[in-house]
Amino acid sequence: MEIGRFLLGLCTFFYFYRSLSAVTTCKLKAKFKLSGYKDVEKKKVVVGGMFPVHMRIASSDANTSRVPVSSGCEGFNFRTFRWTQTMLFAINEINENENLLPNTDLGYVIYDSCFTISKAVEGTLTFLTGQDEAVPNYRCGNGAPLAALVGAGASDLSIATARILGLYHFPQVGYSSSSSALGSKFQFPTFVRTIPNDEHQSTAMAKLVLHFGWTWVGIIASNDDYGKYGIKDFKTQVENAGVCISFSEILPKVSSPEDMQRIAEIVAEETAKIIVVFSSDVDFSPLIPELLRHNVTNRTWIASEAWVTSALINQPGVFSLLGGTLGFGIKRAEIPGLQSHLLDLDPYSNPLTEAFWETAFNCTLDYGKALRQAKERAKEVNGTLSRAVRAVPDGLCTGTEPLAQLSNTYSDVSQLRITYSVYKAVYAVANALHNLEHCMKGLGPFVGGSCADITNFEPWQLMYYVKNVHFKVPHTYENISFEDGDVKGAYDIINWQINDNGEISYVNVGRYDASADLEYRMVIRNESIVWNNEMLEPPRSVCSENCKPGSRKGIRQGKPVCCFDCIPCADGEMSNSTNARACILCRYDEWSNDAHDTCVPKIIEFLAFGEPLGITLIAISAFGALVTIGVGVVFFQHLDTPLVKANDSLLSFSLLFSLVVTFLSSIIFLGEPQHWSCMTSQVSLALGFALFLSSLMGKAAVLMRRAQVLKAARIKAKEAAKAAKLAAAEAAEAAANSSSPDVIVTSTFTNGDASDACANPEVDSLNCRTQRAIAVVATLIQAIACTAWLLIIPPHPIENTSTQNIKIILECDEGSVIFICCIFGYDILLALLAFIFAFIARKLEDHFSEAKCFTFGMLVFFIVWISFVPAYLSTRGKFMVAVQIFAILASSFGLLACIFLPKCYIILVKPEHNREEMMRPRAKPRDGTSTGTSASFNTAATEVTATMASTAIDG
């Protein structure tokens, strides 16, 4: 027993020793300097609050040689001070409400976060500690439990506090922290808010931009989570819809004149007429003076809810800059009794109230400070203070200054938006506490149906009720509930307009409700909006003007897709919409109109029978055929005359027939091409010329052969004449005087048979049968080639859409270039041979030279077709057909005129020359220039043998 007591005493000693050691080694690392409101005495539950009453912390000297102290705050904000008073008003109202927490008085602890994360963290640690000194992980206070924190103001402040409070499952209700980052319950499990999530606001802003068709937008965002997350969601949505960002600038948390000047210059230089500002009023306000100094006008500003109704931004003289601003404000409400509460302040009750009073009335409540300031002013004028001044120095507040006469945002209750959100946040905590307090044992939400004790509950227990709270806001009767910690996304669309007093007023011109059907989510009364461009129509904000139909967008290198050049559609392409990305190629049978905004059917072109050109060509072709037939009739009527009999009259009729074919074949080229016409036109032309040229070649071959025989006879006759002169000069002279030595004695036809024209085989080694055989064989070769052409690759009609863009030319495709070249190359070969034969026989001269007619005819033929080639290649469409028909007609008329016109002239006009003696050769001059006969040889046989024999006898 003694040993047990000894061991127990020893354990007790070590326990107290360790406890003493722990106490002696635990000390605070720093002291926090916080200001605010506190009322916790005799309160059952305490509600925490955090508001950015000041705009920033005061700068320190950064001296590290002494113990650091918590920085003070500066830049009093009347608007956020009103939020603070609203929380006090709401708690007082709840404490007086017999239906809400009737058995519980709420206390409060409210701190100023100074719009700074470090101050927000200091306040959070102080809340958790439960006393003015922060001891992490310990709650040292023994008073009423802290229920929840209402705050901490801006999104970045709430993010900092929510990360700490979430570790302890401590409820936090945000009233102005709208950043979408706070929507993550994984990171912030105990954060709820009475202001909509910025995802809804970003979507509403994007829809507003798209509603007015703005595609060129500038962006300014604050350098915090509120601005970064909000503008990121906005950019994603508008860029996906084809909107381009002209510039994107970040407002620094600690502004400098250089930064503000740089941003103002960018705004002034850029062409974007729409500027979206996702920022708090505190961060945006330093930029306003710089924008005014740069005279930035004619811009429409899109405001986020954090500054759209802020009096910090709405200062005198800013309407030229911000007039016509469109923004989104959260739900506005009237709170009865709030204004009376705001005006009922004791300036000496609290340091924050003192700071408000001194800022509002530009005086000081500190008598000593006022006296020191008066002395300093007296020294500046080398004077002394009077007794009156010593008693009541200048600048000393009396504490009775009339708040009602203040014209600042503190007492203005016309735009209670964030203020109303604070009011709802306090009531959300109160209703959650009410539900916790009135939990029925056995039906509670915790293990075994247990309930929490209102006087001693854990933060996570209250968090359950906060998440599931559902209540109606007093006076407005708005239903409030949290869905994943958020409320419904609903905004008023506000327009900055000037009222009758010359002041800026916030006019509601529409509404956005994220919970409504898609087509009714955004409602805007366009006619109610006042714009900053002094026009009734919405401003245009585009990098490039819309490309009209008939053009397409061409991207500018290095520029956003909204910056483009309008490139007219090429011929054959069209665009029928605005800002077309590409032109549409018309169908093969269509072409773009002059405006290139639609495709129209192409003009169908072919050389028609009924048009003037077609009628003219038909008339000329018919005339040529009739003239040729007329010549044939004349020849037939004078068939027995020497001129017609000359050199085979059958070939002459063959020539005339082929000319009729060529004249009439030109008509087949007219009209809409058909299978039969395509096959017939070129074949008839090729065969017609083949027949003509082969017949002409046969006749020319005979003349050429006779010319060769005569040349040989002339040489022999000259040699015989020289021999005769030596033997018998007189006989030779008599023979020479009686006839030319190279003249061959002929005899006339007696029976009129044309076949006898080729009777002397010694002279006419190429007789009439040979001529006809040449014509038949040459024509037959062409006929075989044409038949093969028609059977293998026949010509066929096509729609030519490539030669002329605006037309569809109906023409014949020849099927094979090789065949067409071979066929007409063959005709050219026949023409060349005929020309050569006729040219060699051109010196057969008498009263009528048929070889010369052939020569001139072929020259005309070649000239026409040589001229035809460049003319044909330089024309398009139906005029190509016209050129080809003109070439056919011209060559046909040339051949007809050169070959048959001289004969018709003799037959019809000079019939006296159409006699046998006129067909005989003329006497050769003494100089020997005569070369022989042509037509005479067609009517008589040459007696070369007799001449040679007589010469031998004389010898």
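One structure accompanies this document, and this report is about it. For clarity, every value in this text was computed on a predicted model and none was experimentally measured.

Reading the values: the criteria
Residues numbered from 1 in each chain as written. Predicted model: local features only at pLDDT ≥ 70, side-chain atom pairs only at ≥ 80, totals over all residues. Heavy atoms only, no water. Helix = DSSP H or I, 4+ residues; strand = E, 2+ residues; numbered from the N terminus. Buried < 20%, exposed > 50% of the residue type's maximum accessible area, 1.4 Å probe, protein only. Areas by Shrake-Rupley, 256 points an atom, 1.4 Å probe, with all protein chains shown as cover. Pairing = 2+ DSSP bridges. Axes fitted to C-alpha atoms, helices over the stretch in contact; angles between N-to-C directions. Contact = heavy atoms within 4.5 Å. Parallel < 35°, antiparallel > 145°, perpendicular 65-115°, else oblique. Core = buried A, V, L, I, M, F, W, Y, C linked by side-chain atoms within 4.5 Å. Disulfide = S-S within 2.5 Å. Left-handed = near helix turned anticlockwise from the far one by under 90°. Nonpolar A, V, L, I, M, F, W, Y, C, P; charged D, E, K, R; others polar. Salt bridge = Lys/Arg side-chain N within 4 Å of Asp/Glu carboxyl O. Patch = residues over 30% accessible without salt bridge, like charges linked within 9 Å, V, L, I, M, F, W, Y side chains within 5 Å. Polar contact = N/O pair within 3.5 Å; in protein donor to acceptor, adjacent residues only side chain to side chain. Phe/Tyr/Trp six-rings, centres within 6.5 Å; stacked < 30°, edge-to-face > 60°. Lys NZ or Arg CZ within 6 Å of the ring centre and 35° of its normal.

Attention now moves to the overall build of the chain. Across its full length, the chain carries 27 helices and 27 strands. For the chain, with 955 residues in total, the buried portion stands at 49%. With an accessible surface of roughly 46000 Å², the chain has 58% of that area assigned to carbon and sulfur atoms.

Time to look at the sheet that holds strand 10 (residues 244–251). An order of 10-9-11-12-13-16-17-18 is seen for the eight strands of this open sheet, with the pairing classed as mixed. Looking at strand neighbours, the two that pair on one side only are strand 10 and strand 18 (522–524), the edges of this open sheet. Going across the sheet, the axis of each strand differs from the next one's by a mean of 25°, ignoring polarity. In terms of strand pairing, strand 11 (residues 274–278) meets strand 12 (residues 300–303) through four bridges, oriented parallel. What sits directly across from Val277, in strand 12, is Ala303. Packing of helix 6 (residues 225–240) onto the sheet brings it into contact with strand 9 (216–222), strand 10 and strand 11, and relative to strand 9 it is tilted by some 160°.

Two elements in contact, helix 22 (residues 768–792) and helix 23 (residues 817–840), have axes whose closest approach is 10 Å; the angle formed by their N-to-C orientations is 170°. As the angle between them shows, helix 22 and helix 23 are arranged roughly antiparallel. Every residue of helix 23 that contacts helix 22 at Ala778, Ile781, Gln782, Ala785, Cys786, Ala788, Trp789 and Ile792 is listed here: Phe819, Ile820, Ile823, Tyr826, Asp827 and Leu830.

As a rule of thumb, soluble globular proteins bury nonpolar side chains together. Membership of the largest hydrophobic core comes to 106 residues, with the highest contact counts inside it found for Phe234, Leu326, Phe356 and Leu433. Examining the composition of this core, we find that 13 residues originate from one element, helix 15 (residues 418–437), more than from any other. Here Phe356 is in contact with Phe76, Phe78, Phe81, Leu345, Leu403, Leu406 and Tyr410, once residues within four sequence places are set aside. Residues Phe635, Leu643, Val644 and Phe692 belong to the second largest nonpolar core, which totals 56 residues.

Under the definition given, this model contains nine disulfides. Note that Cys73 is cross-linked by a disulfide to Cys114, the S-S spacing being 1.5 Å. Taking the sign of the S-S torsion, about 85° here, the bridge from Cys73 to Cys114 comes out right-handed. With Cys73 in strand 4 (residues 73–76) and Cys114 in the loop between strand 5 (106–112) and helix 3 (117–129), this pair connects stretches of sequence that are 41 residues apart.

What follows is about the packing of helix 23 against helix 24 (residues 850–873). Interhelical geometry of helix 23 versus helix 24 gives an angle of 145° and a closest axis separation of 8 Å. For the crossing formed where helix 23 meets helix 24, the hand is left-handed. Between helix 23, through Ala831, Leu832, Phe835, Ala838 and Phe839, and helix 24, the contact on the second element is made entirely by Ala851, Phe854, Thr855, Met858, Leu859, Phe861 and Phe862. Class assignment of the residues belonging to the contact of helix 23 with helix 24 gives a composition of eleven nonpolar, one polar and no charged.

It is worth spelling out the sheet that holds strand 7 (residues 172–174) at this point. Taking strand neighbours across the sheet as the criterion, the six strands line up as 1-5-2-6-7-8 in an open arrangement whose pairing is mixed. Each edge of the sheet is formed by a strand with only one pairing partner; in this case those strands are strand 1 (36–39) and strand 8 (191–193). Between one strand and the next, the sheet's axes are offset by a mean angle of 25°, whatever the strand orientation. Contacting strand 2 (45–51), strand 6 (146–150), strand 7 and strand 8, helix 4 (residues 155–167) crosses the sheet at an angle of about 165° to strand 7.

Moving on, we come to the pattern of salt bridges. What the rule picks out here adds up to 20 salt bridges. The shortest N-O distance in the salt bridge between Arg332 and Glu334 comes to 3.3 Å. Classification of Arg332 by relative accessible area gives partly exposed; the value is 36%. Glu611 serves as the salt-bridge partner of Lys878, at 2.8 Å between the closest nitrogen and oxygen. Placement of Lys878 in helix 25 (residues 878–909) and of Glu611 in the loop between strand 25 (603–605) and helix 17 (612–637) is noted, with a sequence separation of 267 residues between them. When its relative accessible area of 17% is taken as the criterion, Glu611 is described as buried.

Where nonpolar side chains cluster on the molecular surface, the patch consists of Ile828, Leu832, Ile836 and Ile840 and spans about 330 Å² of accessible area. Relative to the assigned elements, Ile828 resides in helix 23. Exposure remark for Ile828: the relative accessible area of 48% places this residue in the partly exposed category.

This part takes up the side chain of Asn495. Among the structural elements, Asn495 can be located in strand 16 (residues 490–498). At 3.3 Å, the side chain of Asn495 and the backbone oxygen of Gly324 are in polar contact. When residues no more than four places from it in sequence are discounted, the contact partners of Asn495 are Gly324, Thr325, Leu326, Ser505, Tyr506, Val507, Val509, Ser528, Ile529 and Val530.

Tallied over the entire structure, the rule returns 36 aromatic pairs. Relative to Trp307, the ring of Phe284 has its centre 4.8 Å away and its plane inclined at 50°; by these criteria the two rings are tilted. Taken together, the residues span a long stretch of sequence, with Phe284 in helix 8 (residues 281–284) and Trp307 in the loop between strand 12 and helix 10 (319–322) at a distance of 23 residues. Residues Phe635 and Phe900 carry aromatic rings whose centres are separated by 5.6 Å and whose planes lie at 70° to one another, so their mutual orientation is edge-to-face. On the criterion of sequence distance, the pair formed by Phe635 in helix 17 and Phe900 in helix 25 is long-range, its members being 265 residues apart. Considered together, Phe635 and Phe900 belong to a single accessibility category, that of buried residues. Ring-pair connections join several aromatic residues into one group, and the members of that group are Phe689, Phe835, Phe839, Phe861, Phe862, Trp865 and Phe868. Stacked on the ring of Phe564, the Lys or Arg Lys553 has its end atom at 4.8 Å from the ring centre.

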